[in-house]
Amino acid sequence: MNPAKSTKSTKNTTQKGREAEKLACEFLQQQGFEILETNFYTAFGEIDIIAKKKKIWHFIEVKSGSGFEPIYNLTPAKLKHITQSIKIYLQTLPHTPKYCLSAMILSRNDSSESYKIEFLENLTIF
């Protein structure tokens, strides 16, 4: 886990999400990941971060929040949409790499605190 500090407290949801994604990318790079793409959009939704480490591609959903547990926003319906978006993304590649679905959870008690960052690697979907 790695703390990260926020600088503003009056941001809209999109701004907060982009800030969390930026912090997530920085965390991943510190862990040796190469960021391949961010914010890949499909009709099913968005893949927040596509990164690679040791020849394994990671499709990463970022969830953040203050005063609640953002992991609860990672619903079965959201995971289904991400999985559909991953399939579309893979069709754009000349070959299918080894890959997994992961999540980055950034949480804090209030907006004046640093984020606690948790990386949940290789999620299993039932």
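Residues numbered from 1 in each chain as written. Predicted model: local features only at pLDDT ≥ 70, side-chain atom pairs only at ≥ 80, totals over all residues. Heavy atoms only, no water.

Considering helix α1 (residues 13-30)
To keep things clear, this is the line we draw: The way it works is that DSSP assigns letters per residue, a run of H or I at least four long becomes a helix, a run of E at least two long becomes a strand, and they are numbered from the N terminus. Working rule for helices: expected span equals 1.5 Å times residues minus one. For every residue, the accessible area obtained with a 1.4 Å probe (protein chains only) is divided by the maximum for its type, and the residue is called buried under 20%, exposed over 50%, and partly exposed between those limits. By the convention used here, residues are in contact when the closest approach between their heavy atoms is within 4.5 Å.
Between the first and last C-alpha of α1 there are 26 Å, a value that for 18 residues agrees with the 26 Å anticipated at 1.5 Å per step. For α1, the full list of buried residues reads Glu19, Ala20, Glu21, Leu23, Ala24, Cys25, Phe27 and Leu28. In this structure, the buried side of α1 is in contact with β1 (34-42), β2 (45-53), β3 (56-66), β4 (98-108) and β5 (116-120). Within two residues after α1, Gly32 carries a phi angle of roughly 95°, on the positive side.

Observations regarding unusual backbone geometry
Phi is positive for Lys54, which is not a glycine, with a value near 55°. On the secondary structure map, Lys54 appears in the loop between β2 and β3. Residue classification places Lys54 among the exposed residues on the basis of a relative accessible area of 73%. Here the phi dihedral of Asn122 falls at roughly 60°; this positive angle occurs in a residue that is not glycine. Residue placement: Asn122 occurs in the segment after β5.

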